[in-house]
Amino acid sequence: MHSKEQINHEEYQQTADWLLSRTKQRPLVAIICGSGLGLLADTLKAQESFNYTEIPGFPHSTVQGHAGRLVFGELKGRSCVCMQGRFHMYEGHSLAQTLIVTNAAGSLADGYQPGDIMIIKDHVNFPGLSGLSPLTGPNDDKLGPRFPAMSSVYDKGLRRLAHALLDQMGVASLVHEGVYAMVGGPNFETVAEARLLHSLGVDAVGMSTTPEVLVASHCGLRVFGLSLITNKVLKRYTTTTIMLYTSQEVLSRS
Ligand SMILES: O=P(O)(O)O[C@H]1O[C@H](CO)[C@@H](O)[C@H]1O
Ligand SMILES: Nc1nc2[nH]cnc2c(=O)[nH]1
């Protein structure tokens, strides 16, 4: 597994050169597919794919439901690259102008139901608040500033466009816009943690996304994010019914 704390500019370049020499595709959009959501990549036209294990300097996927492939291809006539498998902090760890990130998440907001979609408006990066940030370490000024602003990370225009498109598709009643929080995982939340997150204004919680978003935002990419609500996080102690959601359930719902 690739778990170096700091990857330098030359190493990024080596990975980029390897990919550039193996595909003629030059995507303007990158999509990170969350748990069980990698099927999107299979729908790309004119596919060219590379296993993470064959790409020099690239981390490897270790989680069930993450195939570990970088898939280039066309989506509705647009050249894209999909990551079929992302990297989580709990695993030990752009060519594009826009980063689209998706995840499976549990809901805290009262009106959300499993199967709903949350357009991410903002995030709480709990690992970052406790000093675990992908931007830690010497800053490479070629990529972005030492102290990047984070007050408008999720592009407003793309959020508006998503609402309009989802409206046109007739699914507006399933769509919310809210705040995603990343926790370290891999355990799901206790009831007390769920209540705390809810009281802090968090609408959905997961164990990913914010590190990629921070890196993308740091280097000036436009960011758009969607959470698929796979379960409600329990906010009440219950003795009558034991309600459990498992990672398997999250995968099958996503
Ligand atoms: O964030 P993604 O990878 O979509 O997956 C979510 O689902 C997994 C838990 O079932 C965790 O990895 C959580 O982060
Ligand atoms: N932390 C966390 N991650 C999830 N990913 C999918 N559902 C959940 C959840 O309820 N909690």
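Criteria and thresholds
Residues numbered from 1 in each chain as written. Chains lettered and ligands numbered in written order. Predicted model: local features only at pLDDT ≥ 70, side-chain atom pairs only at ≥ 80, totals over all residues. Heavy atoms only, no water. Near = heavy atom within 4 Å. Polar contact = N/O pair within 3.5 Å; in protein donor to acceptor, adjacent residues only side chain to side chain. Areas by Shrake-Rupley, 256 points an atom, 1.4 Å probe, with all protein chains shown as cover. Salt bridge = Lys/Arg side-chain N within 4 Å of Asp/Glu carboxyl O. Buried < 20%, exposed > 50% of the residue type's maximum accessible area, 1.4 Å probe, protein only. Helix = DSSP H or I, 4+ residues; strand = E, 2+ residues; numbered from the N terminus. Contact = heavy atoms within 4.5 Å. Nonpolar A, V, L, I, M, F, W, Y, C, P; charged D, E, K, R; others polar. UniProt positions renumbered as here; feature names shortened; annotations may be inferred. Pairing = 2+ DSSP bridges. Expected span 1.5 Å × (residues − 1). Arc of directions from axis to C-beta.

S.K.: For this particular structure, what's the right way to read the site of ligand 1?
M.R.: Near ligand 1 lie 13 residues; those nearest to it are His88, Tyr90, Ala104, Met207 and Ser208. Between an oxygen atom of ligand 1 and a side-chain N or O atom of Arg86, the distance comes to 3.0 Å. Ala104 is positioned such that a nitrogen or oxygen atom in its backbone is 2.8 Å from an oxygen atom of ligand 1. Protein chains shield 93% of the accessible area of ligand 1, which is 350 Å² for the free molecule.

S.K.: Help me out: how do you make sense of the pattern of salt bridges in this one?
M.R.: Pairing between side chains of opposite charge can happen when the charged atoms of each approach one another. Evaluated as defined, the whole model comprises five salt bridges. Arg86 is paired through a salt bridge with Glu212; the nearest N and O atoms lie 2.8 Å apart. In this structure, Arg86 and Glu212 share a single accessibility class: buried.

S.K.: Teacher, can you tell me more about the environment of Ala104 here?
M.R.: Structurally, Ala104 is set in strand β5 (residues 98–107). In this structure Ala104 comes out as buried when scored by relative accessible area, which is 17%. For the pair formed by Ala104 and Gln168, sequence separation is 64 residues and the distance between their alpha carbons is 23 Å. Dropping the residues within four chain positions of it, Ala104 is found in contact with Ser35, Leu37, Leu228, Thr230 and Val250.

S.K.: Looking at this model, I keep getting lost on the site of ligand 2. Mind explaining?
M.R.: Within the structure, ligand 2 sits among 14 residues, and Ala104, Gly106, Glu189, Gly206 and Asn231 are positioned closest to it. Glu189 is positioned such that a nitrogen or oxygen atom in its side chain is 2.6 Å from a nitrogen atom of ligand 2. For ligand 2, whose accessible area on its own is 280 Å², the fraction buried by protein is 96%. For the shell around ligand 2, the secondary structure elements donating two or more residues are β5, β8 (204–206) and β9 (222–232). It is β5 that provides the largest number of residues to the shell around ligand 2, a total of three residues. Within the shell around ligand 2, the residues separate by chemical class into nine nonpolar, four polar and one charged.

S.K.: Help me out: how do you make sense of the UniProt feature "binding site: phosphate" (unreviewed entry) in the protein in this one?
M.R.: As recorded in UniProt, the feature "binding site: phosphate" (unreviewed entry) lies at Ser35, His66, Arg86, Phe87, His88, Ala104 and Ser208. By the element assignment, Ser208 lies in the loop between β8 and α6 (210–218). Contact partners of Ser208, with chain neighbours within four places excluded, come to Arg86, His88, Asn103, Tyr180 and Met182. Among the polar contacts made by the side chain of Ser208, one reaches the side chain of Arg86 at a distance of 3.5 Å.

S.K.: Which parts of the structure should I look at to understand the pairing of strand β7 (residues 175–182)?
M.R.: Put simply, side chains in a regular strand alternate between the two faces of the sheet. Most of β7 sits out of view: seven of its eight residues are buried. By the bridge criterion, eight bridges tie strand β6 (residues 117–125) to β7 in an arrangement that is parallel. When the sheet's bridge partners are listed, Asn125 is paired in β7 with Met182. As paired elements, β7 and β8 share three bridges and run parallel to each other. Bridge pairing in β8 links Tyr180 to Ala204.

S.K.: What should I look at first to understand helix α1 (residues 9–22) in this one?
M.R.: Over its 14 residues, α1 extends 20 Å from the first C-alpha to the last, a length consistent with the 20 Å expected when each residue adds 1.5 Å. Along α1, the positions that sit buried rather than exposed are Thr15, Trp18 and Leu19. Projected down its long axis, α1 shows its buried positions confined to an angular sector of 95°, all on one face. In α1, the exposed positions that point more than 90 degrees away from the buried face belong to Glu10 and Ser21. Close packing links the buried residues of α1 with β2 (45–51) and β3 (69–75).

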